[in-house]
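A structural walkthrough
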Amino acid sequence: MSLRLGDIAPNFKASTTAGEIDLYEFLGNSWGVLFSHPADYTPVCTTELGRTALLKEEFAKRNVKVLAVSVDPLDKHRGWVNDINETQHCQVDFPIIADEDRTVANLYGMIHPNASETFTVRSLFVIGPDKKIKLMITYPASTGRNFHEVLRVIDSLQLTANHSVATPADWKKGEDVIVVPAVSTEDAMKKFPKGVKVVKPYLRYTPIPDEA
Ligand code: BEZ
């Protein structure tokens with residue numbers, strides 16, 4: 001049975017470039033990004049891990065811990081990290097799982113046999129502090145992911161978690177958000193003191209609420 005949004009993210013123990021990790025202990029109360037790539041020493045993957053390392057502060061600001069996975073062994077990961085640091089001008093210091101027996105890949109459905117029998121595709125899961133899966137995206141091996149988009153979705157997810165708001169198409173941090181349908185306009189007026197713009201009874205905008 002494949003994982004779906006809202007499911008509990010399966011826990012696992014794994015060997016990583018930062019030692020043995022238990023997913024739940026690693027995450028603690030943080031948000032998490034668990035993402036797979038097909039193989040070490042490949043060009044698109046090199047840029048993806050480099051970009052993730054360069055966005056370290058952005059993930060930290062959002063209380064997100066990052067964990068990469070591929071089916072290559074630890075010694076290969078370690079050598080490759082040197083190349084990533086050199087070519088992408090970064091310091092990869094998030095753990096990379098060596099999933100040689102494919103425990104993590106199978107738990108999270110990261111192997112799509114019609115794409116590759118052996119390698120993980122580019123799967124990415126955002127896991128909330130409640131350990132539930134909040135986002136799943138799957139890209140083919142040939143397309144590098146947009147990590148600014150990952151951060152944008154995390155911003156949206158965190159707003160929804162903290163306030164009764166959703167985010168419209170192409171929303172960017174700083175722009176108005178949408179009042180969720182479950183909140184009446186009367187309640188919205190009280191809940192969002194910065195104001196509620198009613199375009200239609202079901203389409204209501206408000207500026208981003210202040211954090212409590
Ligand atoms: C890459 O990371 O560059 C890559 C990996 C597998 C297939 C195609 C590209």
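Scope of this entry: the structure provided in the associated data block.

Cut-offs and rules
Residues numbered from 1 in each chain as written. Predicted model: local features only at pLDDT ≥ 70, side-chain atom pairs only at ≥ 80, totals over all residues. Heavy atoms only, no water. Axes fitted to C-alpha atoms, helices over the stretch in contact; angles between N-to-C directions. Helix = DSSP H or I, 4+ residues; strand = E, 2+ residues; numbered from the N terminus. Parallel < 35°, antiparallel > 145°, perpendicular 65-115°, else oblique. Contact = heavy atoms within 4.5 Å. Nonpolar A, V, L, I, M, F, W, Y, C, P; charged D, E, K, R; others polar. Near = heavy atom within 4 Å. Polar contact = N/O pair within 3.5 Å; in protein donor to acceptor, adjacent residues only side chain to side chain. Expected span 1.5 Å × (residues − 1). Buried < 20%, exposed > 50% of the residue type's maximum accessible area, 1.4 Å probe, protein only. Arc of directions from axis to C-beta.

1. Some remarks on the packing of helix α2 (residues 43–54) against helix α4 (residues 74–88)
A pair of packed helices is characterised by two quantities: the angle between their axes and the separation of those axes. Direction vectors running N to C along α2 and α4 enclose 70°, while the axes themselves pass 9 Å from each other. The orientation of α2 with respect to α4, classified from their angle, is roughly perpendicular. Across the interface between the two elements, Cys-45, Thr-46, Thr-47, Leu-49, Gly-50 and Leu-54 from α2 touch Trp-80, Ile-84, Thr-87 and Gln-88 from α4. Taken together, the residues that form the contact of α2 with α4 break down as five nonpolar, five polar and no charged.

2. Here's the deal with the site of the ligand
All residues adjacent to the ligand are Thr-42, Pro-43, Val-44, Cys-45, Arg-122 and Ala-141. Contacts to the ligand include Pro-43, whose backbone N or O atom sits 3.2 Å from an oxygen atom. Note that an oxygen atom of the ligand is positioned 3.0 Å from one of the side-chain N or O atoms of Arg-122. Per-element accounting of the shell around the ligand gives the leading share, three residues, to α2.

3. Considering the side chain of Thr-16
Mapped onto the fold, Thr-16 is located in strand β1 (residues 13–16). Of note is the side chain of Thr-16, whose polar atom sits 2.8 Å from the backbone nitrogen of Ala-18. Here the side chain of Thr-16 touches Gly-19 through a polar contact of 2.7 Å, landing on its backbone oxygen. Residues contacting Thr-16, with those up to four places away along its chain left out, are Ile-21, Leu-74, Arg-78, Pro-95, Ile-96, Ile-97 and Ala-98.

4. Section: α4
Between the first and last C-alpha of α4 there are 20 Å, a value that for 15 residues agrees with the 21 Å anticipated at 1.5 Å per step. Looking at α4, one finds that the buried residues are His-77, Trp-80, Val-81, Ile-84 and Asn-85. End-on, the buried residues of α4 take up no more than an arc of 150°, which puts them together on one face. Seen from the buried face of α4, the exposed residues on the opposite side, beyond 90 degrees, are Asp-75, Asn-82 and Glu-86. Residues of α4 that are buried in the fold lie against α2, β4 (64–70) and β5 (96–98). The positive-phi residue at the C-terminal boundary of α4 is His-89, with phi of around 55°.

5. Side note on the environment of Gly-128
As for its position among the elements, Gly-128 is in the loop between β6 (122–127) and β7 (133–139). In sequence terms Gly-128 and Glu-117 are eleven residues apart; their C-alpha atoms lie 30 Å from each other. Beyond its immediate sequence surroundings of up to four residues, Gly-128 is in contact with Ser-30, Trp-31 and Lys-134.

6. Comments concerning helix α6 (residues 147–162)
For the α-helix, the turn length of 3.6 residues means that residues three or four positions removed from each other point alike. Between its first and last C-alpha, α6 extends 22 Å over 16 residues, near the 22 Å set by a 1.5 Å rise per residue. Every buried residue of α6 is listed here: Phe-147, Val-150, Leu-151, Val-153, Ile-154, Asp-155, Ser-156, Leu-157, Gln-158 and Leu-159.

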